[in-house]
Amino acid sequence: MTEISKVYKGVPITDSLENYIDKEHVSLCQFLLFLNIADIAQYVKNNFYTDKTWHFKYDVEAMIKLVVVKFFRQKSFKKTISTLTEEEAWLLGFQEKDNEIPIPTGSALHHFVKYRLGVEGIDEIMLMLGEKIAKLSNSNEAKLDSTPLEASRYSINSKFNPHYNCKMDKAHITMIGTYPVFMTYTDGVAGDSPELLSHIAALLRMNAEIDEYRLDGAYDSFQNHADIWYKLNANPLISLGVDAVINEEGKLERIDHWVNKMWKLGGSKYMNIVEKLKLLYENDRQEQVGMYIRNKNLEDKSFPESKKLRQECERIHGHIKKTLKFDVRYIVNESRELYAKLNFVTYQLLLLINLANGIEPANAFENFI
């Protein structure tokens, strides 16, 4: 496990995460000491700060970790700072000066979150964390499902969703195994399917190596089947309705027919099936590719049930909501997406502490305070 050597008020200290994993009620700041996100901090410096030196009053890595503390402890910006001890600030990485450790004010932390980072910065951090999590995950199976971000019943900015019987916004979350790696935010009655392309693009940026992408019936379309197969080189396991039927245009005879019609582009019925499908996809026959893949899934008697997928997704979504304030109650409309994504990124960073140090189960944060 990670071992750290640092100096605290002139005293050299060597510490190991192994000293804390079996203890109860350990400060989250103690665990964050063993999390190295210097590359993310450097990216933030390079892209969200000017080159003027006076902007770097506080260490950026320490500020990101302080954001995690704020959202995990579910306190206001002001209360987060007033309850933070000097030792905790040192553990987060704030630099000692004149035998004291300067701590940012609540307004400085708020400015860092809302104006320095904003939604764009949080999206970039989310992708970088997702890539780290994907590399540390031992799973090649991805899942995508949405979950409600509940709003107050009196909210004028959230729409009523009759399925969930509440006013809400939505978070669309991709997981690799049981580890959340990417999230998009929409209003409460937005369709799930249009979000898929954003999640495919995110997985490609993360260089995630997945064999299967599991989705529920809300994503069932020929185009989605084709996009997952072609862009991710993964098997799209999209839940099918009980009334789903074999589509004639997706049969091998029709595939061969259209491939032969593309003989000027090198098409031939003697090509292997992967070559045929790629040729069709790249020449405006994407839905037919989706039909073929969907037909194959429909014929597969071992095709996974939708209920199992939803149960696993809902278990992790429930854990996020139990750990953090993953809703939009009493949050002003213009900050909802930012705060939802900040809570999601906080969960990713908590997860990364355990994954990077080989602590299992990685989703367990019960001893963090």
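Here we summarise the structure given alongside this text.

Criteria and thresholds
- Residues numbered from 1 in each chain as written.
- Predicted model: local features only at pLDDT ≥ 70, side-chain atom pairs only at ≥ 80, totals over all residues.
- Heavy atoms only, no water.
- Salt bridge = Lys/Arg side-chain N within 4 Å of Asp/Glu carboxyl O.
- Helix = DSSP H or I, 4+ residues; strand = E, 2+ residues; numbered from the N terminus.
- Buried < 20%, exposed > 50% of the residue type's maximum accessible area, 1.4 Å probe, protein only.
- Phe/Tyr/Trp six-rings, centres within 6.5 Å; stacked < 30°, edge-to-face > 60°.
- Lys NZ or Arg CZ within 6 Å of the ring centre and 35° of its normal.
- Pairing = 2+ DSSP bridges.
- Right-handed = clockwise from strand over helix to strand, strands pointing away.

Turning next to the pattern of salt bridges. All told, the structure shown has 22 salt bridges when counted by the stated rule. Between glutamate 248 and lysine 251 there is a salt bridge, and its shortest N-O distance comes to 3.1 Å. With a closest N to O distance of 2.6 Å, aspartate 256 and lysine 276 form a salt bridge. Taken together, the residues aspartate 256 in helix 9 (residues 252-261) and lysine 276 in helix 10 (residues 273-281) connect sequence positions 20 residues apart. Considered together, aspartate 256 and lysine 276 belong to a single accessibility category, that of buried residues.

To continue, consider the packing of aromatic side chains. According to the stated counting rule, one finds nine aromatic pairs in the structure shown. Plain terms: the ring middles of tyrosine 20 and phenylalanine 34 are 6.3 Å apart, the flat faces sit at 45° to each other, and that makes the pair tilted. Of this pair, tyrosine 20 sits in the loop between strand 2 (11-16) and helix 1 (28-32) while phenylalanine 34 sits in the loop between helix 1 and helix 2 (38-48), and the two are 14 residues apart along the sequence. What makes phenylalanine 34 buried here is its relative accessible area of 5%. Arranged with centres 4.0 Å apart and planes meeting at 15°, the rings of tyrosine 230 and tyrosine 281 form a pair that is stacked. Highlighted residues: tyrosine 230 in helix 8 (residues 222-232) and tyrosine 281 in helix 10, separated in sequence by 51 residues. You can call tyrosine 230 partly exposed: its relative accessible area is 30%. An aromatic cluster is defined as three or more aromatic residues linked by ring pairs; in this entry it consists of Phe31, Phe72, Tyr347, Phe365 and Phe368. It is lysine 6 that lies over the ring of tryptophan 90; its NZ or CZ is 4.9 Å from the centre. The cationic tip of lysine 261 hangs over the ring face of tryptophan 258; the distance from NZ or CZ to the ring centre is 4.4 Å.

Pairing geometry for strand 7 (residues 212-215) and strand 8 (residues 235-238), over four bridges, is parallel. Each residue of the ladder has a partner; that of tyrosine 213, found in strand 8, is proline 236. Regarding topology, helix 8 serves as the crossover connection from strand 7 to the parallel strand 8, and that connection is right-handed.

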